[in-house]
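Observations on the three-dimensional arrangement
Listed below are the residues making up each chain.
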Amino acid sequence: MKLKKLGALMMTTAVTAGVLAGCGSSNASETAAQGTEAESTAADSTTASDTAEATEEAATGETEAVNLKIWVPEEEVDITDQMVKDFDAAHDEFDITYEIAVVGIDEAPQALETDADTAADIFYTPSGGVADLAGKGLLLPITKDFDTLTGDLPESAINAVTIDGLTYAVPFSPNTYFMYYNKDLLTEDEVKSLDTIMAKDLGDGKWNFSTQITNSWYIESFFLGNGCTLFGADGKDPSDCTFNDANGLAAAEYIVDLATSSKYLEDADGVGGSAFKEGNLGAVTSGAWSAPEFKDALGDSLGAVALPTENIGGKDVQLSNFVDFKTITVKSNTAHPLAAQQLAVYMANPDSCLTRYNTQGDVPVLKSLSESEEIKNDFVASALNDQAALATNQPSIPKMGDYWDPAKALGEGIYSGDINKSNLQENLDALVDSITGTLTE
């Protein structure tokens, strides 16, 4: 057996990601630039050739000396180190030297765009930015070994990383928010409906519900829930946004009523989360990242469920927020496309995903794990998976960059009172104009 040459672990200054609450808004900068079809086609041709060449070399039985740079969030360093060692031990065709640096999941795409030559071979990125990076020719299609996971991945996860029939990333965990509630203030039946939550009298000094209508990663749930579309039904039409149609107006009017209620608390700068931990709030929207502190504060009184319904025009509609996925990607100009692809898939296989879940709470997207008793018995993981099934894939086209700031401005205007029912339609028209540009063309 060949001698394994394992490189020393290298740490850089941590640039940890806003992969949790701020992920949506962070994706704005990642998806703003326009890619071109010509670049994508050229990249596909080049990477396919590179992969074929590497495959041919491997088929000769020769050992390939592989040097890989890997970027991961700070909490992933130790488990990634072990994953690479395990992968190397199982692959005698590779002689791997590697270094691991700490770069956050939201920072890695920008660093790749800045200098692809010095960027990592393998790095993490939110699925919302995959199409943009692929369009710029910066990502290698993941063809080697991806079929070992295909049957275990939900269709939504595959769609999120597939562009023009090619898969450019390996999803490993869904990223979205759901709703936590205080069992001492609200019952399991009451939290199914936002109207029921808001109607209850919780007493002086308490609020019923908190979310972030001033945050463009949260406000969309009302519009999407009431049948509006952002960039078309498939999220790929840059000229389409129906947030200003009759359904959009009705959803926005609901937001205005919510924002002006004395029972509502805007979760700006963590105010909602603080009130929730103090026992002064019935329900708050957040993600799995808040579970540890909420569990410490509320103990057995903590509950978690999918987002509730809301009653608009006499019918109950399900709030539907954005969902994207944490993914593992490979840069297109890696010197070792075969090994990099296989390692990327390995880092997202069931054993690796289970290690992440047990170590740091990343809920696995793989169906074999998400449907297991271990995950189902975790009420936070169940709430995340339940909401992910009700959510809308966050569009990943470059035009998505034009959504974040206008949507945030709409929410801020509603919350401040500058936007109200008397001028709501004109502000919705301006919102759609800013997002699509179609009204001024």
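Here is a short report on the structure shown in this document. Since this is a predicted model, take the numbers as computed values, not measurements. (Residues numbered from 1 in each chain as written. Predicted model: local features only at pLDDT ≥ 70, side-chain atom pairs only at ≥ 80, totals over all residues. Heavy atoms only, no water.)

Side note on the overall build of the chain
Applied cut-off: Helix and strand assignments come from DSSP, with helices taken as H or I runs of at least 4 residues and strands as E runs of at least 2, each series counted from the N terminus. Burial here depends on accessible area, computed with a 1.4 Å probe over protein chains only, as a share of the maximum for the residue type. Under 20% is buried, over 50% is exposed, and the range in between is partly exposed. Working rule for contacts: check all heavy atoms of both residues, and any pair within 4.5 Å makes them a contact. Note on areas: Shrake-Rupley with a 1.4 Å probe; residue coverage comes only from the protein chains shown.
Along the chain, the regular secondary structure elements total 19 helices and 15 strands. Out of the 441 residues in the chain, the part that is buried amounts to 56%. Sequence-distant contacts in the chain: of pairs separated by 6 or more residues, those separated by 24 or more amount to 79%. Just so you have it, the chain exposes about 17400 Å², and 48% of that area is on carbon and sulfur atoms.

Observations concerning the nonpolar core
Most often, soluble globular proteins keep nonpolar side chains buried together rather than apart. So the rule is basically this: Throughout this description, the term nonpolar core refers to a set of buried Ala, Val, Leu, Ile, Met, Phe, Trp, Tyr and Cys residues connected via side-chain atoms within 4.5 Å.
Of all hydrophobic cores here, the largest spans 51 residues; its most connected members are Phe209, Phe222, Phe223, Leu230, Phe243, Tyr403 and Ile414. For this core, the secondary-structure elements that each account for two or more residues are strand 7 (178–182), helix 8 (194–199), helix 9 (220–225), helix 10 (246–259), helix 18 (404–416) and helix 19 (424–436). The biggest single contributor to this core is helix 10, with 7 residues. Once residues lying within four places of it in the same chain are set aside, the contact partners of Phe223 are Cys228, Phe243, Gly248, Ala251, Ala252, Ile255, Leu410 and Leu428. Of all hydrophobic cores here, the second largest spans 45 residues; its members include Ile96, Leu140, Ala344 and Ala391.

Section: the pattern of salt bridges
Stated precisely, the cut-off is as follows: Salt bridges are defined as contacts in which a side-chain nitrogen from Lys or Arg sits within 4 Å of a carboxyl oxygen from Asp or Glu.
Enumeration over the complete set of coordinates arrives at 10 salt bridges. For Glu190, the salt bridge is made with Lys200, and the minimal N-O distance between the two is 2.9 Å. One end of the pair, Glu190, is in the loop between strand 7 and helix 8; the other, Lys200, is in the loop between helix 8 and strand 8 (207–211), and 10 residues separate them in sequence. For Lys200, a relative accessible area of 27% puts it in the partly exposed group. Overlapping salt bridges bring together Glu113, Asp132 and Lys136 as one network.

Section: the sheet that holds strand 11 (residues 302–305)
Operational definition: Only when DSSP finds a minimum of two bridges between them are two strands counted as paired. Every axis in this analysis is a line fitted to C-alpha atoms, fitted for helices over the stretch in contact. Angles between the N-to-C directions lie between 0 and 180 degrees.
The mixed open sheet is built from 5 strands, whose spatial order is 9-8-10-7-11. The outermost strands of the open sheet, each flanked by one partner alone, are strand 9 (264–266) and strand 11. Adjacent strand axes in the sheet meet at a mean angle of 20°, parallel and antiparallel pairs treated alike. With 3 bridges joining them, strand 8 and strand 10 (residues 281–286) adopt parallel strand pairing. Each residue of the ladder has a partner; that of Ser210, found in strand 10, is Val284. The sheet strands contacting helix 17 (residues 379–390) are strand 7 and strand 11, and the helix crosses strand 11 at an angle near 25°.

Some remarks on the packing of aromatic side chains
Aromatic ring pairs are defined here through the distance separating the ring centres and the angle between the ring planes. Using the following cut-off: The aromatic pairing rule takes the rings of Phe, Tyr and Trp, using the six-membered ring of Trp, and pairs them if the centres are within 6.5 Å, calling planes under 30 degrees apart stacked, those over 60 edge-to-face and the rest tilted.
For the structure on display, the rule yields 17 aromatic pairs. Look at Tyr180 and Phe294: their rings are 4.9 Å apart centre to centre, the planes differ by 85°, and that puts the pair in the edge-to-face class. In this pair, Tyr180 sits in strand 7 while Phe294 sits in helix 12 (residues 291–298), placing the two residues 114 residues apart along the sequence. For Tyr180, a relative accessible area of 0% puts it in the buried group. On the basis of relative accessible area, Phe294 is assigned to the buried category, the value being 3%.

Topic: the environment of Leu166
Within the element layout of this structure, Leu166 appears in strand 5 (residues 166–167). Classification of Leu166 by relative accessible area gives partly exposed; the value is 26%. Sequence spacing of Leu166 and Thr143 is 23 residues, and the spatial spacing of their C-alpha atoms is 8.1 Å.

Some remarks on unusual backbone geometry
Glycine aside, the phi torsion of most residues is negative, and most peptide linkages are trans. Positive phi values are uncommon outside glycine, yet Asp164 reaches one of about 50°. With respect to the helices and strands, Asp164 occurs in the loop between strand 4 (162–163) and strand 5. A positive phi is found at Phe231, a non-glycine position, where the angle reads about 65°.

Brief notes about the environment of Asn385
The residue Asn385 is located in helix 17 in this model. For the pair Asn385 and Pro364, spaced 21 residues apart in sequence, the C-alpha separation works out to 9.2 Å. In this structure Asn385 touches Pro174, Val363, Pro364, Ser370 and Ile375, once residues within four positions along its chain are discounted.

Structural notes on the pairing of strand 3 (residues 122–126)
Burial runs high along strand 3: 5 of the 5 residues are buried. Taking every second residue as pointing to the same face, both faces of strand 3 are buried, with Ile122, Tyr124 and Pro126 on one and Phe123 and Thr125 on the other.

A word on the packing of helix 18 against helix 19
Here is the rule: Our angle categories are set so that under 35 degrees counts as roughly parallel, over 145 as roughly antiparallel, 65 to 115 as roughly perpendicular, and the remainder as oblique. Should the near helix be turned anticlockwise from the far one by less than a right angle, the crossing is termed left-handed; should it be turned clockwise, right-handed. Classification convention: Asp, Glu, Lys, Arg as charged; Ala, Val, Leu, Ile, Met, Phe, Trp, Tyr, Cys, Pro as nonpolar; all other residues, Gly among them, as polar.
Packing of helix 18 against helix 19 brings their axes to within 9 Å, and their N-to-C directions diverge by 160°. For the element pair helix 18 / helix 19, the angle class is roughly antiparallel. Crossing handedness for the pair helix 18 and helix 19: right-handed. Together, Pro406, Ala407, Leu410 and Ile414 of helix 18 and Leu424, Asn427, Leu428, Leu431, Ser434 and Ile435 of helix 19 make up the contact between the two elements. When the residues that make up the contact of helix 18 with helix 19 are grouped by side-chain class, the tally is 8 nonpolar, 2 polar and no charged.

Focus on the environment of Ala409
Within the fold, Ala409 resides in helix 18. Spatially, the C-alpha atom of Ala409 lies 8.7 Å from that of Leu431, the residues being 22 residues apart in sequence.

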